[in-house]
Amino acid sequence: MNHVSKTALTLLVVLAASGAASAADTQLAGCAAKRENIRSELRQAKEQGLSDKVAGLTRALDEVNAHCRDSTLIERHNKKILKAQAKVNQTERSLRLAQEANKEPKKIAKLEGKLEKARAELAALQAQQP
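Residues numbered from 1 in each chain as written. Predicted model: local features only at pLDDT ≥ 70, side-chain atom pairs only at ≥ 80, totals over all residues. Heavy atoms only, no water.

Considering the packing of helix α4 (residues 70–100) against helix α5 (residues 105–127)
Helix-helix packing: each pair is described by the crossing angle between the helix axes and the interaxial distance.
Moving on, step 1. Packing of α4 against α5 brings their axes to within 9 Å, and their N-to-C directions diverge by 160°. The orientation of α4 relative to α5 falls into the category roughly antiparallel. Seen along the crossing, α4 lies across α5 with a hand that is left-handed.
Moving on, step 2. When its residues are assigned to classes, the contact of α4 with α5 shows eleven nonpolar, six polar and seven charged. (Axes fitted to C-alpha atoms, helices over the stretch in contact; angles between N-to-C directions. Helix = DSSP H or I, 4+ residues; strand = E, 2+ residues; numbered from the N terminus. Parallel < 35°, antiparallel > 145°, perpendicular 65-115°, else oblique. Left-handed = near helix turned anticlockwise from the far one by under 90°. Nonpolar A, V, L, I, M, F, W, Y, C, P; charged D, E, K, R; others polar.)

Some remarks on the state of the cysteines
Moving on, step 1. A full pass over the atoms with the stated rule returns one disulfide.
Moving on, step 2. The side chain of Cys31 participates in a disulfide bridge whose partner is Cys68; the two sulfur atoms lie 2.0 Å from each other. Disulfide Cys31-Cys68: torsion about the S-S bond near -85°, hence left-handed. On the criterion of sequence distance, the pair formed by Cys31 in helix α2 (residues 30–48) and Cys68 in the loop between α3 (51–67) and α4 is long-range, its members being 37 residues apart.
Moving on, step 3. Judged by its relative accessible area of 3%, Cys31 is buried. (Disulfide = S-S within 2.5 Å. Buried < 20%, exposed > 50% of the residue type's maximum accessible area, 1.4 Å probe, protein only.)

Brief notes about the packing of α2 against α3
Moving on, step 1. Relative to each other, α2 and α3 sit at 165°, their axes nearing to 9 Å. Taken together, the axes of α2 and α3 lie roughly antiparallel to each other. Remark: the crossing between α2 and α3 carries left-handed chirality. Together, Cys31, Lys34, Arg35, Ile38, Arg39, Glu41, Leu42, Ala45 and Lys46 of α2 and Lys53, Val54, Leu57, Thr58, Ala60, Leu61, Val64 and Asn65 of α3 make up the contact between the two elements. (Contact = heavy atoms within 4.5 Å.)

Overview of unusual backbone geometry
It is generally the case that most residues other than glycine have a negative phi and that most peptide bonds are trans.
Moving on, step 1. The phi dihedral of Asn102 is positive, around 50°, even though this residue is not glycine.
Moving on, step 2. Among the structural elements, Asn102 can be located in the loop between α4 and α5.
Moving on, step 3. By relative accessible area, Asn102 is classed as exposed at 67%.

Some words on the side chain of Thr91
Moving on, step 1. Tracing the sequence through the fold places Thr91 in helix α4.
Moving on, step 2. Overall, Thr91 belongs to the buried group, its relative accessible area being 4%.
Moving on, step 3. Not counting chain neighbours up to four residues away, the residues in contact with Thr91 comprise Leu111, Lys114 and Leu115.

Concerning the environment of Ala118
Moving on, step 1. Locating Ala118 in the fold gives a position in helix α5.
Moving on, step 2. As for Ala118 and Val88, which are separated by 30 residues in sequence, their C-alpha atoms are 5.5 Å apart.

Side note on the nonpolar core
Moving on, step 1. Membership of the largest hydrophobic core is limited to eleven residues, which are Ile81, Ala84, Val88, Leu95, Ala98, Ile108, Leu111, Leu115, Ala118, Leu122 and Leu125.
Moving on, step 2. The set of elements that each furnish at least two residues to this core consists of α4 and α5.
Moving on, step 3. For this core, the leading source of residues is α5, giving six residues.
Moving on, step 4. Those residues in contact with Leu115, other than ones at most four positions away along the chain, are Val88, Thr91, Glu92 and Leu95. (Core = buried A, V, L, I, M, F, W, Y, C linked by side-chain atoms within 4.5 Å.)

Set out below in C-alpha cells:
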C-alpha cells in the first residue's frame, strides 16, 4: 500500500472515530448529533473570531435544521455499508482468482493490500452511527 493510501485510510479512520466519539459523548445520534457538532464548531469559531467560518457554520446549521431526517441518514449509511461490503467481496474474489491462477506474487500482494484497505473502510463504516 503506498504512502498516500495509508494516509487517506488513517484520516478516514480518525474522522470516523472522532465523529463516533463526539456523538457518543453527548449520547446523541443522527440529526441531533450533527446539530450538536455544528453548534460546538460554531462556538469555537465565535471564540476565535472567525467570522467567515461562523457564517458558513450558521448556514450549515440552518440546512440541518430544515432538511436533516434521521431516516434519510440511516438509509444513506446503510447504502454506504452495502457498497463497502460489495467492494470487499469483489476484492476477495479477485484475490482468490489470482491465487488460483498462480499470478505473480507482486499482483497478489497488491490485491491483498487492496483487500486490507477495503476491509478497514467497511469496519470504519460499521463502527459509525448514522
